[in-house]
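# Understanding the architecture of this molecule
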Amino acid sequence: MKDKDKKRNIDFSRYYPLFFTIIFVFVLFQYSFSSLEAIFYDLRVRFDIGTSYTNNIVIIKMDEESDQFLGETYPYTYATHVRHLKNLLNDDPKMLTFTSVFIEPENNIEQTNQNQFKKLVRKFNEKGGYFRFGTDMDAWGEQLPPRGLRDIGYSLSLINVDNAAFAKDDVARRAILNFSGEDSLHLWLANRYRKLTGEQELSGTNFKGSYYFKEADATFVLFRYSTNSIETKTKIPIIPFHRVVVGNFPKGYFKDKIVIIGPSYISNAADFVLTPFNKEEYKSSKLLLHGLIVDALIKGKTILPIPKNVSYVLCILLAIFLSIIISRLNPAHGLLITVLVMIGIILVSYIAFVTGGIWIYLTHLVLTVFVVYYIWVPFRAIGEYQRRYAIQEETKLLKKVENLKQNFISLMSHDLKTPVAKISGLADNMLHQKQFASDDGEKNVKAIIDSTKELNKFITSILDLTKIENRNLDLNMVNKDINNIIESVSENLKYEAYVKEVEIDLTLGPLYPIQFDVNLMNRVLSNLVENAIKYSGEKTKVEVKTWDDDKWVHIEIKDNGVGIPSDDIEHIFDKFYRVKNDASHKIKGTGLGLYLVKYFVELHGGEIKAESELGQGTTFHIKLKNE
């Protein structure tokens, strides 16, 4: 039965926002948001500080300037290529690759020059160099080198762009590692360079983040650019083709380098490609991109995307975490935590990218943060409104109850004063006229008079409390010497002191008149001195001292009574609080006296504090403004 009651008492409405959050997060998983993810990915690429160029590649570009200088148009004659190759080989490069188009010889002279070109390449290979043609693809398939040069060796040098997957924005982000079982030109060059430097050659599957795409029968990998702006700040040296043809380059410029030769004509859009650095205009040279891909593969600077399922799990955990945080904190703190979490996700993603080449999918994580915040905020607003409305209604009810209470207390107090006064008056008459029915009559009448005095004090205290709580207490400030009030109070309490054999010792310093309400201050001092007399033992002394300084008038009232325990001293000015000891049980009181004393002193802008030690007595210190 208890378990059933507990289940019934669970408020499932508290969990509605979490249910909605999880549902919306699962809805997000149905969309890839590739365009948005591409923006986050490209930003990391553009600000990637985790790569560096190793200065092992040189680019030779064929362009309009070379055409004009040589008096030829691309593709150039074999005679020009022979001149170019002789000068290039004399500088002792390690690897050569042409991504340019070579045409079939049209005459015997061209055939002879082609043979000469081929002999130069073979001689270069025999000396330990590596030569390779780079081929492209068109609608008819791979564009192969001329028949007479195919036995030298060729590999596909296709620049892959995202036109069928991911963002579909034709931006180059991936490299092809192999195609139909054959290594791409980029992987071939990278492995030959590794072999020359004594490093282990890598297959397409050895690279971090590589994957096989069955429809294309190719292995791809995301690569990292070794520059932060390939249009203006590339570190790969570039030299025009015609300067090599005429030998106009520094000696050793190509020594031990990978040399990539190909076209880069501004007039030909096919020679350029979109990159993460420029996704609007075709300004990035494919020739340069070949060099950057080879450099990335040599250093193994590829990217590993985390599995989508891992990203989805992170999103769910993030949604639960933020839901708990936002539901428990106030809106301002919840917003701050949300912003910090968002910044933290972006920073962690960036750090993972630049340090380990790990691609954390940001889109779903960022959208999860927005979903959580914009689901929980309305629910929090509704909850806050309901609580505020309930508090307002409760406050209204409490005000009504408080008003009824105050009115009741005020009416009762006023109505009680009259019969109490009558009883006191009749008792006084009986005492003066000696109208007693028995021998104990006089004693009983005196007891009645004392009780009516106590009751009258209690009624007065209740009325004062009512005025305080209703803010109806007005001060009647006059300019007067506080010593006169102390002397008057001492005179009025002389009889009570005489009865208990208590001496009231006044040490009053000379004071200037100050502003205070005579009636209220009389009650403050009367209460404190009377309490000192009540709680002092017989044949003791109550000391009252006054002095002043530039800011305050000081009043000290000290007794030699039983003292107040340390646990009680901080509560003695609380409403209806009475110290629990033997003396308090014998002495009647309302628990309002010191509360009113403190209130009246503070109403004058003053301060009061109490110090006590058990068995040694209590000292009250009042400070009133000296003005």
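Just above sits the structure.
Residues numbered from 1 in each chain as written. Predicted model: local features only at pLDDT ≥ 70, side-chain atom pairs only at ≥ 80, totals over all residues. Heavy atoms only, no water.

### Things to note about helix 19 (residues 593-603)
The complete set of buried residues in helix 19 reads G593, L594, Y595, L596, V597, F600 and V601. Looking at the residues trailing helix 19, positive phi occurs at G605, about 80°. (Buried < 20%, exposed > 50% of the residue type's maximum accessible area, 1.4 Å probe, protein only. Helix = DSSP H or I, 4+ residues; strand = E, 2+ residues; numbered from the N terminus.)

### Remarks on the packing of aromatic side chains
Under the defined criterion, the tally for this structure stands at 30 aromatic pairs. Pairing Y76 with F241 gives two aromatic rings, centres 5.0 Å apart and planes at 20°, and the pair type is stacked. Here Y76 is found in the loop between helix 4 (64-70) and helix 5 (78-89), whereas its partner F241 is found in helix 8 (residues 241-245), with 165 residues between them in sequence. Plain terms: the ring middles of W359 and Y361 are 4.6 Å apart, the flat faces sit at 45° to each other, and that makes the pair tilted. (Phe/Tyr/Trp six-rings, centres within 6.5 Å; stacked < 30°, edge-to-face > 60°.)

### Here's the deal with the nonpolar core
Counting 68 residues, the largest nonpolar core has I57, Y225, I258 and L289 as the members making the most contacts within it. Looking at which element gives the most residues to this core, the answer is helix 9 (residues 286-299), with nine residues. I482, A497, L528 and A610 belong to the second-largest nonpolar core, a separate cluster that totals 39 residues. (Core = buried A, V, L, I, M, F, W, Y, C linked by side-chain atoms within 4.5 Å.)

### Quick look at helix 5
With twelve residues, helix 5 extends 16 Å between its outermost C-alpha atoms, agreeing within 8% with the 16 Å of an ideal straight helix rising 1.5 Å per residue. The complete set of buried residues in helix 5 reads Y78, T80, H81, V82, H84, L85, L88 and L89. Residues of helix 5 that are buried make contact with strand 1 (57-62), helix 4, strand 2 (95-98), helix 6 (108-126), helix 8 and strand 12 (258-263). (Expected span 1.5 Å × (residues − 1). Contact = heavy atoms within 4.5 Å.)

### A short note on the sheet that holds strand 3 (residues 130-135)
Here six strands make up an open sheet; going across it, the order is 6-3-2-12-1-11 and the pairing parallel. The strands lining the two open edges of the sheet, one partner per strand, are strand 6 (154-156) and strand 11 (238-240). Averaged over all adjacent pairs, the angle separating strand axes in this sheet is 25°, with direction ignored. Pairing between strand 1 and strand 11: three bridges, direction parallel. Within strand 11, the residue paired with I60 across the bridge is I239. Where helix 6 meets the sheet, it contacts strand 2 and strand 3, and its direction lies at approximately 130° from that of strand 3. Packed onto the sheet, helix 7 (residues 185-196) meets strand 2, strand 3, strand 6 and strand 12 and runs at close to 165° relative to strand 3. (Pairing = 2+ DSSP bridges. Axes fitted to C-alpha atoms, helices over the stretch in contact; angles between N-to-C directions.)

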